[in-house]
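# Structural features, examined
Letter by letter, the chains look like this.
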Amino acid sequence: SDFIVFLSLPVAKEEEKTGENRQQKKAEIRTGTGEELLRYVRGAHVLLAEDNDINARIILAILEKAGAKIDRAVTGRQAVEMFACSEEGEYDVILMDIQMPEMDGWEATRRIRSMEREDAALLPVYALSANSYVEDRRRSLEAGMNGHIAKPIDFEELKQKMGAAIRDRRTAWNAVQKQRKEDRQRNARSRSMENA
């Protein structure tokens, strides 16, 4: 079926447009965009779970050009194993294809989130999928993913999302590390007081 709809809408006044632009710029400064967020992609350690060689080569080329270091898994099971064998805090973000052999991206994400390590809950995980229906996005969030990025990938959007997620993850991880250090110092003081 074809539908044609005609709407009569007023044209925005120039001052309204200027006000909207100012609000948008304020929001961008608050959330961080552009070069500020790309700075977090440079030097980031990314785990890419993608079974399609062509897709993987494109993602690798673009993200490596942006300065990221990428480890690639070709199955969901391999992504889980690579994360499990990594040092805590080693990865900054996971880009997870949904349809992969052995284990899909949703199950792989659930297994990563269930691991008993502090970075498993903090690590941003983004779904990469050609399916971008509301149900697919909902399933990604239910599996513990931070977002759902549709293929073909808009790489500028991906880098911006990655930058924001990496910034937030590093802030959270630094807070965890600081708390661990304070706990160790407190325990050491109480042990020395008991021994005195």
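Model, not experiment: these values are computed from the prediction.

### Describing the packing of helix α4 (residues 76-85) against helix α5 (residues 105-113)
Two elements in contact, α4 and α5, have axes separated by 8 Å at closest approach and are oriented at 20°. On the basis of their axis angle, the class for α4 and α5 is roughly parallel. Pair α4 / α5 crosses with right-handed handedness. Packed against α4, whose contacting residues are Gly76, Arg77, Ala79, Val80 and Phe83, the element α5 presents Ala108, Arg111 and Ile112 at the interface. Here the residues of the contact of α4 with α5 are counted per class, giving five nonpolar, one polar and two charged.

### Overview of the sheet that holds strand β1 (residues 45-49)
Spatially, β2-β1-β3-β4-β5 is the arrangement adopted by the five strands of the open sheet, whose pairing is parallel. Two strands lie at the open edges of the sheet, namely β2 (69-73) and β5 (147-150), each paired on one side alone. Adjacent strand axes in the sheet meet at a mean angle of 25° when their direction is disregarded. For strand β4 (residues 125-129) and β5, the ladder comprises four bridges, and the chain directions are parallel. Pairing of serine 129 across the sheet is with alanine 150, part of β5. Taken strand by strand, helix α3 (residues 53-65) contacts β1, β2, β3 (93-97) and β4, and its axis lies near 165° from that of β2. Packed onto the sheet, α4 meets β1, β2 and β3 and runs at close to 130° relative to β2.

### Some details on the pattern of salt bridges
Applying the stated criterion across every chain yields a total of 16 salt bridges. Residues aspartate 53 and arginine 72 are paired through a salt bridge, measuring 2.9 Å at the closest nitrogen-oxygen approach. Note that aspartate 53 is positioned in helix α3 and arginine 72 in strand β2, a separation of 19 residues in sequence. For aspartate 53, a relative accessible area of 42% gives the class partly exposed. Residues glutamate 88 and arginine 180 are paired through a salt bridge, measuring 2.9 Å at the closest nitrogen-oxygen approach. Remark: arginine 180 occurs in helix α8 (residues 155-195) and glutamate 88 occurs in the loop between α4 and β3; sequence separation between them is 92 residues. Overall, arginine 180 belongs to the partly exposed group, its relative accessible area being 23%. One salt-bridge network, held together by shared partners, links Glu50, Asp97 and Lys151.

### A word on unusual backbone geometry
Cis geometry marks the peptide bond from lysine 151 to proline 152; its omega dihedral reads 0°. As for its placement among the helices and strands, proline 152 is situated in the loop between β5 and α8. Of note in the backbone geometry, glutamate 102 takes a positive phi value of approximately 70° without being a glycine. Within the secondary structure, glutamate 102 sits in the loop between β3 and α5. Residue classification places glutamate 102 among the exposed positions, given a relative accessible area of 59%.

### Quick look at α5
Every buried residue of α5 is listed here: Gly105, Trp106, Ala108, Thr109 and Ile112. Across the axial projection of α5, the buried residues extend over an arc of 160°, all falling on one side. Sitting at the amino-terminal end of α5 is aspartate 104, which places a side-chain oxygen 3.0 Å from the backbone nitrogen of tryptophan 106.

Rules of the game
Starting from 1, residues in each chain are numbered consecutively following that chain's sequence as written. This being a predicted model, a pLDDT of at least 70 is required before a residue's local features are given, and a value of 80 or more before pairs of side-chain atoms are given or counted; all residues contribute to the totals for chains, interfaces and linings. Calculation of side-chain values draws on the structure's entire complement of heavy atoms; hydrogens and water are dropped beforehand. Note on method: axes are straight lines fitted to C-alpha atoms, helices fitted across the in-contact stretch only, with angles between N-to-C directions ranging 0 to 180 degrees. Numbering of helices and strands runs from the N terminus; a helix is a DSSP stretch of H or I covering at least four residues, while a strand is a stretch of E covering at least two. These descriptions rest on fixed angle ranges, namely under 35 degrees for roughly parallel, over 145 for roughly antiparallel, 65 to 115 for roughly perpendicular, and the rest for oblique. The sense of a crossing depends on the near helix, which, turned anticlockwise from the far helix by less than a right angle, makes the crossing left-handed and, turned clockwise, makes it right-handed. In this analysis, two residues are considered to be in contact whenever any of their non-hydrogen atoms come within 4.5 Å of each other. All residues other than Ala, Val, Leu, Ile, Met, Phe, Trp, Tyr, Cys, Pro, Asp, Glu, Lys and Arg, Gly among them, are scored as polar; the first ten of these are nonpolar and the last four charged. By the convention used here, strands pair only if DSSP detects at least 2 bridges between them. Put simply, a salt bridge is a Lys or Arg side-chain nitrogen that is within 4 Å of an Asp or Glu carboxyl oxygen. Burial here depends on accessible area, computed with a 1.4 Å probe over protein chains only, as a share of the maximum for the residue type. Under 20% is buried, over 50% is exposed, and the range in between is partly exposed. The arc under discussion is defined with respect to the helix axis, by the directions toward the C-beta atoms. Side-chain atoms alone can form a polar contact between residues adjacent in sequence; in general such a contact is a pair of N or O atoms within 3.5 Å, and within protein one must be able to donate a hydrogen while the other accepts it.

So yeah, pure geometry; function would need other evidence.
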